[in-house]
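# Topology and contacts: notes
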Amino acid sequence: MAKPLTGCLDDIFNRLLTHFGALHWWPAESPFEVVVGAILTQNTAWRNVEGVIAALKDEAPLTVASLLWMDRQRLEELIRPSGFFRQKAERLQLFATYLMDHYAGDLGAMLSGPLQQVRDELLCCKGVGPETADSILLYAGDRPSFVVDAYTRRLFGRLGLLQGKESYDKVRQMFMTHLPHNSDLFNEYHALIVEQCKQYCRTKPLCCDCPLQGDCAAYLRGDYP
Ligand code: SF4
């Protein structure tokens, strides 16, 4: 008999945690820095964002006000290495404007309401899609909203728990339904998925030493000898 999904998700988490240890994401010094990172990392690798965040901090303290008042051209120049720099500069300043106008610049106040309400509000901000909204909720707000990214889809597709064409919300719902709503757990789980996909479950996977090998449908089918 197939193992219930809750047990599968628990097992996968425990194997990854045992293998990699706790990763304690997100690499940021403040909740607002998480927001900036979550917008900058859209359509680009995190390594391209790290230098940009450092450059922004060299320019001025990374606060809502400093970002809001920064000259647009200067902001575009600083974030250029993260790609789509004009679009991202606009999104960053629009988000800062929204925060200032509605919450006097207090991100914590914005993120502290009922989870679904805050998520809907984030999704109404220009350029904030579901992955960015959930990253902000989880990593800036410490709220239990599971983050789904391309790594999640790849790993759980290969493990046999996703078919591959599910919507973002459907994948998120799988985790939200079968795991306790705990932000520390969701934080670690997402970080471990990313680490697993960087080290083993790459585009061309390295199955040989993978900690999930015994439970992997793709591997057991012989897709990756
Ligand atoms: S066994 Fe291979 S395909 Fe399966 S999860 Fe591990 S690395 Fe990915």
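On a predicted model such as this, the values are computed, not experimentally measured, just so you know. Throughout, a residue's number is its position along its own chain's written sequence, starting from 1. For a predicted model such as this one, the threshold for reporting local features is a pLDDT of at least 70, and the threshold for listing and counting side-chain atom pairs is 80 or more; totals across whole chains, interfaces and linings nevertheless cover every residue. Hydrogens are left out, water is left out, and the side-chain values use all remaining heavy atoms of the structure.

### Considerations on the domain arrangement of the protein chain
Structurally, the protein chain comprises domain 1 (5–24 + 147–220) and domain 2 (31–140). All the domain ranges listed were derived from an automatic or database domain assignment. Computed from C-alpha coordinates alone, the two centres of domain 1 and domain 2 are separated by 27 Å. The term buried area denotes the loss of accessible surface (1.4 Å probe radius) that occurs when two parts are joined, taken as the sum for both partners. In total, domain 1 and domain 2 occlude about 830 Å² of area from one another, counting both sides; carbon and sulfur atoms represent 58% of this. Considering only the surface of domain 1 that becomes buried against domain 2, Val147, Tyr168 and Arg172 emerge as the three largest contributors, covering 54% of it. Any Lys or Arg side-chain nitrogen located within 4 Å of an Asp or Glu carboxyl oxygen qualifies as a salt bridge. Between the two partners, domain 1 and domain 2, sit 2 salt bridges. Note that Arg119 is salt-bridged to Asp169, the shortest N-O span being 3.7 Å. Here a polar contact is taken to be a pair of N or O atoms separated by no more than 3.5 Å, where protein atoms must pair a possible hydrogen donor with a possible acceptor and residues adjacent in sequence count only if both atoms sit in side chains. In this assembly, domain 1 and domain 2 are joined by 5 residue pairs in polar contact (both at pLDDT 80 or more). The secondary structure listing takes helices from DSSP runs of H or I that are at least 4 residues long and strands from runs of E that are at least 2 residues long, numbered from the N terminus. Counting only elements with at least two residues in the side of domain 1 that touches domain 2, the list comes to α11 (168–178) and α12 (183–199). In terms of residue count, the dominant contributor to the side of domain 1 that touches domain 2 is α12 (5 residues). Nonpolar residues are Ala, Val, Leu, Ile, Met, Phe, Trp, Tyr, Cys and Pro. Charged residues are Asp, Glu, Lys and Arg, and all others, Gly as well, are polar. When the residues that make up the side of domain 1 that touches domain 2 are grouped by side-chain class, the tally is 5 nonpolar, 3 polar and 3 charged.

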